Amino acid sequence: MIDLQVRGDSGPVLAHASGFEWTQDLIDLDGSVYPMLAGLCAYLDTVFNQRQVPMLLAELERLPSGVIPVAAAAEIRRLAAMVMEGQHRYLWFCGD
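Treat the numbers as computed from the prediction; the structure is a model and nothing was measured.

A. Quick peek at the packing of aromatic side chains. This structure, assessed with the given rule, holds two aromatic pairs. Ring centres 5.5 Å apart and planes at 85° place the aromatic pair Phe48 and Phe93 in the edge-to-face group. Of this pair, Phe48 sits in strand β3 (residues 46-48) while Phe93 is found in strand β4 (residues 89-94), placing the two residues 45 residues apart along the sequence. For Phe48, a relative accessible area of 3% puts it in the buried group. Residue class for Phe93 comes out buried when judged on its relative accessible area of 1%. Aromatic ring contacts, followed pair by pair, group Phe20, Phe48 and Phe93 into a single cluster.

B. Examining the nonpolar core more closely. In terms of nonpolar packing, the biggest core is built from 27 residues, with Phe20, Ile68, Ile76, Leu91 and Phe93 touching the most fellow members. A per-element tally of this core places helix α3 (residues 70-85) first, with six residues. Discounting chain neighbours no more than four positions away, the residues touching Ile76 are Leu4, Phe20, Leu56, Leu60, Ile68, Leu91 and Phe93.

About the criteria used
Residues numbered from 1 in each chain as written. Predicted model: local features only at pLDDT ≥ 70, side-chain atom pairs only at ≥ 80, totals over all residues. Heavy atoms only, no water. Phe/Tyr/Trp six-rings, centres within 6.5 Å; stacked < 30°, edge-to-face > 60°. Helix = DSSP H or I, 4+ residues; strand = E, 2+ residues; numbered from the N terminus. Buried < 20%, exposed > 50% of the residue type's maximum accessible area, 1.4 Å probe, protein only. Core = buried A, V, L, I, M, F, W, Y, C linked by side-chain atoms within 4.5 Å. Contact = heavy atoms within 4.5 Å.

In structure tokens, the structure reads:
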């Protein structure tokens, strides 16, 4: 399971959302096509800063249907908007 969070630069959790299951489809993503999403790992935390979030969202838009559930993709977009609204905010994908 990968959970979603927005954190400030000193680490407090500003927002949280239900995550999504780690699947073979995510593992198999081509890193040359989806470099941001291919970096996700179920066993590590992955952090995106304000400059990386637009690239992440662009990849999310062209991701094949079903790789990330629709509800989880909506939560990623919602939390990404929070990152873009403030300074020193980060989108965390928290692995187990």
